[in-house]
Amino acid sequence: VVIVDTAGRLSIDEALMTELSEVAGAVKPNETFLVLDAATGQEAVNVAQAFHERVPLTGAIFTKLDGDTRGGAVLSVREATGVPVRFAGIGEQVDAIEPFDPKRMAERILGMGDVLGIIEKVEQAVDLEDIASLEEKMKSGKLDFNDFLSQMRTVKRMGPLKNVMKMIPGMAAQIDDEALEQLDDRRLDHLEAMILSMTPSERSNPDILNGSRRRRIARGSGRTPQEVNQLVEQLFTMRKSIKQMGQMQRKMRKMRRR
């Protein structure tokens, strides 16, 4: 497979368009894709029409679909040129380009989320052995910071938090763009730094985290003692909630037996 990538352009320039026609004539490609920035909105239609007139396109690729735009320009470009959208770019890395799925794009445009996308991200990020181990820990109510760290890293592997939130059905309609922008992935980095500043015994047994240990962890991670306290309390709250859920499940089982 040979991919010929021409010079990028933000506007329709006659000299560059002539160059593009000459390249297409010399190469005679089997496929000609136009890469469009989804964030440009309806301007993408004008660009697509101009390119299609000079060099017949066989498909379009929309990038930056991991941003705030819902991708309505996809419909406009398809209608104006008749050219199918072949791929979608959802990130900056090589593996962040995927075959275009019209059903999922329609759901995104309508603010219905992307359940299949979430499932795929979870499958890629989650280790089944880790899940089995975590399930046993949850049953016993003895979650520790090793489990906490493992789950945080799983969440980070799924991509930016705001993008994952947008994929949840109904979430995009309930949370405005400003609130989504405030979801800062660096917060996970801060939590990870605090956990990694603990000794192995402290991670395995959070109950030994007294005041002096917490101050040492704060200094080691570059965070404040208050943030360390919040992290510890968060784990204890999770433990308490899981324990209560386990008690409720046992009561439900007893009621069913009766």
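Above this text you will find the structure in question.
Residues numbered from 1 in each chain as written. Predicted model: local features only at pLDDT ≥ 70, side-chain atom pairs only at ≥ 80, totals over all residues. Heavy atoms only, no water.

Visitor: Just to check I follow, could you spell out the pairing of strand 3 (residues 85–89) for this structure?
Guide: Taken residue by residue, a regular strand's side chains alternate between the two faces of the sheet. The sheet contact formed by strand 2 (residues 59–63) and strand 3 spans 3 bridges and is parallel. If you follow F62 over to strand 3, its bridge partner there is A88. The pairing of strand 3 with strand 4 (residues 97–99) spans 3 bridges and is classified as antiparallel. If you follow F87 over to strand 4, its bridge partner there is P99. (Pairing = 2+ DSSP bridges. Helix = DSSP H or I, 4+ residues; strand = E, 2+ residues; numbered from the N terminus.)

Visitor: Looking at this model, I keep getting lost on the pattern of salt bridges. Mind explaining?
Guide: Opposite charge on two side chains permits them to pair, given that their charged atoms come into close proximity. Taken as a whole, this structure holds 8 salt bridges when the rule is applied. Ionic pairing is found between K64 and D37, a salt bridge with its closest N-O pair at 3.0 Å. One end of the pair, K64, is in the loop between strand 2 and helix 3 (73–81); the other, D37, is in strand 1 (residues 33–37), and 27 residues separate them in sequence. The partner of R216 in a salt bridge is E202, and the shortest N-O contact between them spans 2.7 Å. With a gap of 14 residues between them, R216 in helix 13 (residues 211–221) and E202 in helix 12 (residues 200–204) connect regions that are remote in the sequence. Assessed through its relative accessible area of 31%, R216 is described here as partly exposed. A network of salt bridges, in which partner residues are shared, links R187, R223 and E227. (Salt bridge = Lys/Arg side-chain N within 4 Å of Asp/Glu carboxyl O. Buried < 20%, exposed > 50% of the residue type's maximum accessible area, 1.4 Å probe, protein only.)

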